[in-house]
Each structure stands twice: as C-alpha cells, then as structure tokens.
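Summary of the model geometry
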Amino acid sequence: MKHTISILVENHAGVLSRISGLFSRRGFNIDSLAVGITDDPTMSRITIIVNGDDYTVEQVEKQLYKLIDVYKIKRLKVEETISRELMLVKVSCTSENRGDIIDIARVMQSKICDISSESITIEISDTTDRLEILQELLRPYGILEIVRTGTIALQKGNKSIC
Amino acid sequence: MITVAQAMVRCLERENISVVFGYPGAAICPFYDALTKSDIKHILVRQEQNAGHSASGFARITGKPAVCIATSGPGALNLITAIATAYMDSIPMVIITGQVSSERVGSDAFQEADIIGASEPFTKYSYIVKNPKEITKVFKQAFYIAGTGRPGPVLIDVPMDVQNVKIDYNYPDEMKMRSYNPNMKGHPGQIKRALTAIKNAKRPLICAGGGIFLSNAKEEFTEFVKKCNIPVVSTMMGIGALPSDDSLYFGMIGMHGVKPANVALMESDLLILLGARASDRAVCAPERVNETKKVIHIDIDPAEIGKNVDADIPIVGDLKNTLIEMNSKVCSPKDNEWINYLDEIRANTQVKEKEFEGYINPKAFIRLLSEKVDDDAVIVGDVGQNQIWLANNYNVKQGRFLTSGGMGTMGYSIPTGVGAKMAGANQVISVCGDGSFQMQMMELGTIAQNNIPLKIIVMTNNRL
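Residues numbered from 1 in each chain as written. Chains lettered and ligands numbered in written order. Predicted model: local features only at pLDDT ≥ 70, side-chain atom pairs only at ≥ 80, totals over all residues. Heavy atoms only, no water.

Remarks on the overall build of chain A
Broken down by element type, chain A carries 4 helices and 9 strands. Starting at the N terminus, the α and β elements of chain A follow one another as β-α-β-β-α-β-β-α-β-β-α-β-β. In terms of overall dimensions, chain A has a C-alpha envelope of 55 × 30 × 30 Å along the principal axes. The buried share of chain A, reckoned over its 162 residues, is 41%. Considering only intrachain contacts with a sequence separation of at least 6, the fraction spanning at least 24 residues in chain A is 72%. Total accessible area on chain A is roughly 8800 Å²; 52% of this is exposed by carbon and sulfur atoms. Across chain A, the mean location of the 21 positive side-chain charges is 6 Å away from that of the 23 negative side-chain charges. (Helix = DSSP H or I, 4+ residues; strand = E, 2+ residues; numbered from the N terminus. Buried < 20%, exposed > 50% of the residue type's maximum accessible area, 1.4 Å probe, protein only. Contact = heavy atoms within 4.5 Å. Areas by Shrake-Rupley, 256 points an atom, 1.4 Å probe, with all protein chains shown as cover. Lys, Arg positive; Asp, Glu negative; His and termini not counted. Charge placed at Lys NZ, Arg CZ, Asp CG, Glu CD.)

A word on the interface of chain B and chain A
Taken together, the contact pairs 17 residues of chain B with 17 residues of chain A. Interface area for chain B against chain A, summed over the two sides, is near 1600 Å², with a carbon-plus-sulfur share of 45%. Inspection of the chain B/chain A interface yields 4 salt bridges. A salt bridge links R178 of chain B to E10 of chain A; its shortest N-O distance comes to 2.8 Å. Here chain B is connected to chain A by 11 residue pairs in polar contact (both at pLDDT 80 or more). Tallied by class, the residues present in the side of chain B that touches chain A amount to 8 nonpolar, 3 polar and 6 charged. (Buried area = accessible area lost by both parts, 1.4 Å probe. Salt bridge = Lys/Arg side-chain N within 4 Å of Asp/Glu carboxyl O. Polar contact = N/O pair within 3.5 Å; in protein donor to acceptor, adjacent residues only side chain to side chain. Nonpolar A, V, L, I, M, F, W, Y, C, P; charged D, E, K, R; others polar.)

A closer look at the state of the cysteines
Across all of its chains, the model carries 0 disulfides over all chains by this definition. Between C29 of chain B, a cysteine without a disulfide, and C68 of chain B, which holds the nearest cysteine sulfur, the sulfur-to-sulfur distance is 18 Å. (Disulfide = S-S within 2.5 Å.)

Let's talk about the sheet that holds strand 3 (residues 41-44) of chain B
All names here are of chain B. Strand order in the open sheet formed by 6 strands is 3-2-4-5-7-6, with parallel pairing between adjacent strands. In the strand order of this sheet, the two ends are held by strand 3 and strand 6 (125-128), each with one partner. The average undirected angle you get between the axes of adjacent strands in this sheet is 20 degrees. Relative to strand 7 (residues 153-159), strand 6 runs parallel, the two sharing 4 bridges. Bridging from a neighbouring strand, S126 pairs with L155 of strand 7. (Pairing = 2+ DSSP bridges. Axes fitted to C-alpha atoms, helices over the stretch in contact; angles between N-to-C directions.)

Some remarks on the confidence of the model for chain A
In this model, chain A carries a mean pLDDT of 94, and residues with pLDDT of at least 70 account for 100%. Summarising per-element confidence for chain A, the mean pLDDT is lowest in helix 1 (residues 15-25) of chain A (91) and highest in strand 8 (residues 143-148) of chain A (98). (pLDDT = per-residue confidence, 0-100.)

A closer look at the pattern of salt bridges
Any two side chains of opposite charge can pair, given that their charged atoms come close. Applying the stated criterion to the full structure yields 28 salt bridges over all chains. Notably, a salt bridge pairs D103 of chain A with R106 of chain A, separated by 3.9 Å at the nearest N-O pair. Of this pair, D103 of chain A and R106 of chain A both sit in helix 3 (residues 98-107), 3 residues apart, which is roughly one turn of the helix. Accessibility expressed as a relative area gives 60% for R106 of chain A, which makes it exposed. Among the salt bridges present, the one from R150 of chain B reaches D301 of chain B, with a minimum N-O distance of 2.8 Å. Taken together, the residues span a long stretch of sequence, with R150 of chain B in the loop between helix 6 (135-147) and strand 7 and D301 of chain B in the loop between strand 13 (294-299) and strand 14 (313-316) at a distance of 151 residues. Just as R150 of chain B is buried, D301 of chain B falls in that class too.

What to know about the environment of V458 of chain B
Residues and elements named next belong to chain B. Relative to the helices and strands, V458 is located in strand 18 (residues 455-459). The sequence separation of V458 and I366 amounts to 92 residues, and the corresponding C-alpha distance is 12 Å. For V458, the contacting residues outside a window of four places in its chain are C432, G433, D434 and F437.

Here's the deal with the sheet that holds strand 4 (residues 70-76) of chain A
Residues and elements named next belong to chain A. With antiparallel pairing, the 4 strands of this open sheet are ordered in space as 2-3-1-4. Every other strand in the sheet has two partners, leaving strand 2 (29-37) and strand 4 as the edge strands with one partner each. Averaged over neighbouring strand pairs, the angle between their axes works out to 20 degrees when direction is ignored. Bridge count for strand 2 against strand 3 (residues 43-51) is 8 bridges, and the pairing is antiparallel. Bridge pairing in strand 3 places A34 opposite T47.

A short note on helix 3 of chain A
In an α-helix, one turn spans 3.6 residues; hence positions three or four apart end up facing the same way. Residue and element names in this part refer to chain A. Within the span of helix 3, buried status applies to I101, I104 and A105. Projected down its long axis, helix 3 shows its buried positions confined to an angular sector of 100 degrees, all on one face. Along helix 3, the residues that are exposed and aim more than 90 degrees away from the buried face are R106 and V107. Residues of helix 3 that are buried make contact with strand 5 (81-92), strand 6 (111-115), strand 7 (119-126) and helix 4 (128-138). Q109 sits one or two residues past helix 3 and shows a positive phi near 55 degrees. (Arc of directions from axis to C-beta.)

Below is the structure:
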C-alpha cells in the first residue's frame with residue numbers, strides 16, 4: 001500500500017543525503033521524493049511516497065523522526081489530502097496526428113508548452129493517476145522522454161503539519 | 001580574538017573535558033598546537049580506532065560524552081569502526097577530525113576522505129564546519145546531542161584553513177534546538193497502565209538492558225525490582241544492572257544466554273523491557289514473543305519500541321525519570337511462587353564442567369577471578385568466547401561489565417580498559433582472547449608510556 005509522508009526539515013546541506021541514506025540503509029522502498037523550501041527559508045518540506053505495510057511505514061516515520069534535522073513528520077491520509085505531481089512529456093508527432101495529440105492534451109486539462117515540426121511537449125500537473133492516464137493515451141504516438149517531479153501534498157481545509 | 005583551533009580547545013575546557021584520546025596528523029595540527037597550551041591531558045594512542053574505543057570506555061564510566069581526535073583521511077577512516085561500535089551501544093562521544101583545506105574539499109586532495117558521508121550511518125549527528133564563526137555553537141550542540149536522549153557519537157569535521165581563522169570566542173550557555181527535543185518523561189497514563197498490568201500479571205519478568213546504565217538509573221532500577229519482587233534477566237548490555245548473585249537475577253537471555261533466563265523469558269506472561277532493544281542475539285524469534293505474553297517497553301528512543309518486539313504498553317521516556325515515577329506508585333510486592341519455580345530451574349541446571357589435565361577451565365577461572373577482584377572492579381570483555389564466558393560466569397558486584405555488545409568489535413577490551421582507567425575507575429581488568437589481544441596489542445605502548453595501571457588477561461586457546 002502507498003503512503004504519503006510529509007516532513008519538515010532544517011534547510012541546510014546534507015539533510016537530503018541523511019534522509020535518502022536512511023531509506024536505502026534500512027531497506028525501505030520509496031516511490032517518489034520531492035523537496036523544496038517553505039515560507040520559512042530555514043525550513044524545507046519533503047514529501048515522500050512509501051510503499052509498504054503498516055509496520056514498515058511506522059518504522060519509516062520513527063526512523064525519520066529520529067534524525068536530528070527532522071522537525072515535524074506526518075503521515076497524510078489519502079482522503080484528507082490534496083496531492084499533485086508535475087510531468088513534462090515529449091511526444092513525437094507528424095502533421096497528420098498533431099491535432100489528435102492536442103485534443104488529448106486539452107481533454108486532460110494539460111498544457112502544450114513546446115511544439116516543433118516533429119514533437120510536442122506537454123505539461124500536466126495533476127494526481128499521479130491522471131498523469132498515468134495521459135501517459136497511456138500518448139504512448140501510441142511515441143513518447144520521446146518524460147520527466148516527473150514526484151508527488152507533493154497538503155492536507156485539506158485549514159489543517160497544517162507545522 | 002583567538003583562532004578557531006584555540007576556540008575548539010576552550011570549548012572542550014568549558015565542557016569539563018580533562019582527558020582526550022587521539023593521534024595527530026597534518027590536517028589537525030593547528031588544533032594540536034592549541035591543545036599543548038591547555039591542561040587537558042592528551043593520550044597518544046597507537047592507532048586511531050583505539051582512540052575511539054578509549055573514549056568509549058571513558059564515557060561509559062563517567063556517563064558524559066568523551067572526546068577522541070584524528071586527522072583527515074586515513075586517520076578519520078581508522079576511527080570508523082570505533083564510531084560504529086559506540087553508536088550500536090549508544091555511547092556518548094564527540095569525535096573531532098581534521099579535514100583538508102576548504103578550497104581543496106572535493107578535489108581528492110592528499111589525505112582527503114568524506115568522513116561525514118562515510119560515518120553518516122553510525123553517527124547520531126555530524127558537522128563539517130565551513131563557517132569559522134559557528135565553531136562554538138557546533139561544539140555546544142555536539143555535546144548536547146551526544147549526551148542527551150539516546151546517547152551516541154557526534155562527529156565534528158574541521159577543515160585545516162578554518163582552524164587558523166581568528167574569531168571572537170563566545171560559548172553559548174544554553175542550547176535549544178527546535179528539531180531535537182528528547183522526551184525525558186514517560187506518559188503518566190501509560191505508566192498507570194503498566195503498573196496495572198504488573199499488578200495483574202502472574203509471571204512478570206524484567207529484562208534489563210544497557211539503558212539502565214545510560215540513564216544512570218541503577219539505584220531506581222534496584223528499588224523497583226525489590227519493591228515489586230519481580231525476577232530479572234538481562235541482555236549483554238544490561239549485565240550488572242543487578243549484582244549477578246542477587247537472588248532475583250536469573251542471568252543473560254538469548255542465543256548465548258543461560259537456561260534459567262531463557263526459561264523465564266519463555267514462560268513469563270508479562271515482559272518488562274527496560275532500556276533494551278531485544279536484538280536478534282537477545283530474542284531470536286521476536287515475532288513469537290507476543291503470542292504468550294504482554295510486553296511493556298520503556299525506552300527513550302521511540303524508534304526502538306515496536307521495531308523488534310511489539311509493545312502492548314509502550315512508554316517513551318528517560319528510564320531514570322520513569323522509574324522514579326513508577327517507584328512512587330508501585331503497590332504490593334508479588335508473591336514468591338514464580339520466583340521459587342525459577343529458583344528450582346536454576347538449581348537443576350548446574351552443568352558439570354570437564355577438567356583436562358594441564359589446562360584451566362575458562363569458566364572456573366572467570367568465577368575465581370570474580371572472587372579475587374575488588375567489589376567495584378570494572379571488567380572489560382572483548383568479543384568472542386571470552387566475552388560469553390565472562391557474561392555467564394563473571395559475578396558483577398558493585399562494578400561494571402563493559403563489552404562491545406551491538407557491534408561485537410574485536411580488539412575492544414584493551415583500549416576501552418585504558419579509557420575506563422583514565423576516567424577514574426578503581427580497578428580495571430581487560431579480558432581478551434589471544435586473537436583480540438593481537439588486534440590491539442600496540443596499545444601496550446600507550447599503557448607503558450602513560451603508566452596506566454590496567455590489568456590484562458589473555459585467554460589463549462591458540463585458534464586466532
């Protein structure tokens with residue numbers, strides 16, 4: 001089962017390596033990890049998607065919390081969370097099928113951010129499921145390359161992990 | 001204004017460090033120059049790993065972070081085994097390493113090694129000091145982190161050029177960190193639940209771990225045991241929490257433990273883990289523990305609770321504080337039925353030892369040794385057969401039994417004995433095998449040079 005873990009950490013060098021090191025060292029599997037600065041420049045927020053049973057995820061949480069640089073940590077429940085991921089996907093196209101690809105992009109509420117005679121680059125920011133749907137729809141046209149940011153997430157309503 | 005190197009020495013003085021263990025080298029020279037002008041005694045070891053073990057021995061006797069020093073590259077790398085050994089046994093330690101000059105860091109310079117990266121899995125925290133002005137804050141934090149919560153080693157890596165920068169010295173009086181607040185008090189509701197469980201149990205058992213020494217809770221622990229009249233077993237790190245000949249002590253559990261202790265563990269209906277992590281050597285099948293018994297687990301590190309054994313009543317907090325709280329509320333002592341049953345098993349498991357002409361039975365030797373040493377003797381066991389002989393046959397009275405429990409590092413006993421002796425222990429005896437003796441015998445040089453009255457026993461079985 002997939003779990004979303006949100007972590008606030010001190011924003012200085014070496015923190016990310018401590019966190020990623022912990023995952024490999026203790027044999028935890030992560031699907032994605034996204035990190036960025038917060039409103040407070042001394043603090044970064046990391047969102048991790050972990051695959052595992054309850055025991056594993058509880059261990060992940062406890063071991064992470066043990067790190068000196070970790071300030072707050074919270075497992076976010078799916079139903080109480082808004083989560084998004086950004087993907088850029090470059091698809092090959094011809095003059096014949098360009099219109100179809102643009103139609104798919106529109107239906108999926110994504111954006112065309114670059115276009116050339118032989119390719120289209122589409123930007124989509126949505127849930128991971130929807131990103132995968134778009135990917136499947138574009139596959140027949142020939143995906144040239146894909147880049148994804150990993151999921152970021154916030155709790156719904158006025159709740160915060162701070 | 002003083003140099004960073006001088007500030008480092010002053011920081012150590014402020015932390016009341018009287019002895020340090022180390023080995024000099026180019027990248028740590030400015031610090032060593034400053035150290036010669038201080039009253040801090042420097043013990044020159046013969047290999048850096050032994051500086052780490054000596055600091056470990058020192059810390060285990062004083063209960064406060066001890067200091068070891070090495071230069072960059074190979075010096076720092078030689079410390080790694082000692083750092084990992086201290087980390088596994090939660091020993092408070094501050095490690096100071098020199099690093100190549102800032103502008104060379106990352107260029108594979110002479111004697112450069114990424115010690116921060118290499119030691120990251122087994123340090124509680126580490127710093128590379130890039131900003132000279134932060135040196136005092138780093139030292140204050142390092143000692144604070146190493147000595148509080150679940151203790152552990154903290155490494156400070158200082159580039160050579162940084163050591164020579166002049167700064168205004170200002171040592172912070174207090175240290176508060178928003179992201180590090182160890183939980184010092186057990187939850188009152190959980191303590192109440194634990195006491196009720198103890199009251200209702202028919203065959204309760206206490207398993208004493210190294211946490212009892214780390215939180216300096218021996219007295220409170222003894223009071224708790226006597227008040228409740230509950231039998232005690234221990235992990236290897238918990239040996240000596242109760243005197244070995246105490247009527248309530250039934251020995252060490254686990255793979256290398258003794259029958260009465262393991263039977264007690266098997267047949268108990270309530271297991272009270274005190275500062276013990278129930279490692280694979282102590283509890284071989286942790287997943288089966290919960291089938292037959294309830295578990296109360298008291299530990300300062302929340303990550304240990306539920307890691308190996310599921311806890312029905314977890315209590316996160318400092319053991320000393322928690323035991324004081326429990327002692328004030330504990331009700332009547334348990335009756336003797338369960339204890340009498342275990343006594344019977346103990347009486348029936350006296351194994352007859354074989355004697356071979358021309359040889360000395362090591363177990364008998366260890367028992368005789370226990371009788372001959374002072375009551376407060378510190379015995380330092382090495383790793384291997386000698387360690388198990390000691391664990392099961394040495395009678396700890398008021399002293400200590402020190403060994404490398406978690407990491408099982410051969411070559412631990414002599415340097416650790418040096419540290420324990422330097423820390424003021426009355427009588428220190430290092431017991432090692434002929435294999436481990438040869439791993440550390442260069443420290444005889446250190447012992448001779450500093451006239452350290454350490455007794456060494458080598459158990460020769462001609463195998464290593």
